[in-house]
Amino acid sequence: SRIAAQISGVAYSGTTAVAVGCRDYGDPEKNAFLSLSTTDFKTWQTSVLPGAAGGDCLYRVVKGAAGFVAWTVTGRAETLIWRSTDGRTWTQSPASGLPARSPIGDLISVGDGYAIEGFLSDRAATWFSSDGITWTQAWAGPDPVGHLYYQLGRVLASPEGGYVAFGSVDNTNRRPIWTSPDGLQWTLTGRSWLIDNDLSVISSIASRPGGYVATGFIVTSGGSSS
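Residues numbered from 1 in each chain as written. Predicted model: local features only at pLDDT ≥ 70, side-chain atom pairs only at ≥ 80, totals over all residues. Heavy atoms only, no water.

A. Inspection of the state of the cysteines at higher detail. Counted by the stated rule, this structure contains one disulfide. Disulfide pairing is shown between Cys22 and Cys57; the S-S distance is 2.2 Å. One quick way to see it: the torsion about the S-S bond of Cys22 and Cys57 is about -90°, and its sign makes the bridge left-handed. Taken together, the residues Cys22 in strand S2 (residues 16–25) and Cys57 in the loop between strand S4 (45–49) and strand S5 (60–64) connect sequence positions 35 residues apart. (Disulfide = S-S within 2.5 Å. Helix = DSSP H or I, 4+ residues; strand = E, 2+ residues; numbered from the N terminus.)

Quick look at the structure:
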């Protein structure tokens, strides 16, 4: 089905906010990547970026050492990187060094570059880039558990410093906690408090001073709640 427009990621730099997404998702004739930027949250400048093909959308954007970087995996299983210095004018480049047909889980800004959290054939992995185009694998996760493998999940800045990720084991509700000093090298440090049953869904997690906030849909013995 066709979706008129959707926003998938937001990044901030000083007084500028940049959002990315797509329009006419599902329409092979009109589908296009979108970028929107603002300095006052009232007036937005929209940039329509070419190259989408019906089911393509920009998924994440971050501000780092080389400017704003956004990414997508196209319906042709090609990872494309978009870069911008101001959040308005963008250039597209194929990503070098990432494995073909390997899904990306998250994109973050780290130190003097960027980190991608993704997957090898049977485990989580991370890649580093100083420019957002050329990537080098930095870490590979632990061995699978039987036929199930660990996933990092969404990467958050930790209130204690460094980074944290509330992951999963394959598509189960097992919730491992990962910690990292640099967003690249990760250590499995425990299991989270998130509810663990087959019907409950945690849709989003955010960090805040002193802790974390999670939203989702929880099924209990007395019924369901959100």
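There is more to say, and it comes next.
B. Seen up close, the pattern of salt bridges. What the rule picks out here adds up to five salt bridges. Asp24 serves as the salt-bridge partner of Arg23, at 3.7 Å between the closest nitrogen and oxygen. Here Arg23 falls in the partly exposed class, since its relative accessible area comes to 34%. Taking relative accessible area as the criterion, Asp24 reaches 7% and is therefore assigned buried. Residues joined by salt bridges that share partners form a network here, namely Arg60, Asp106 and Arg154. (Salt bridge = Lys/Arg side-chain N within 4 Å of Asp/Glu carboxyl O. Buried < 20%, exposed > 50% of the residue type's maximum accessible area, 1.4 Å probe, protein only.)

C. The arrangement of the sheet that holds strand S12 (residues 136–140) in detail. Spatial ordering of the open sheet is given by S9-S10-S11-S12, a layout of four strands whose pairing is antiparallel. Both edges of this open sheet fall to strand S9 (104–110) and S12, since each of them pairs with a single strand only. Each neighbouring strand pair of the sheet contributes to a mean axis angle of 25°, computed without reference to strand direction. As paired strands, S9 and strand S10 (residues 113–119) are joined by six bridges and run antiparallel to one another. (Pairing = 2+ DSSP bridges. Axes fitted to C-alpha atoms, helices over the stretch in contact; angles between N-to-C directions.)

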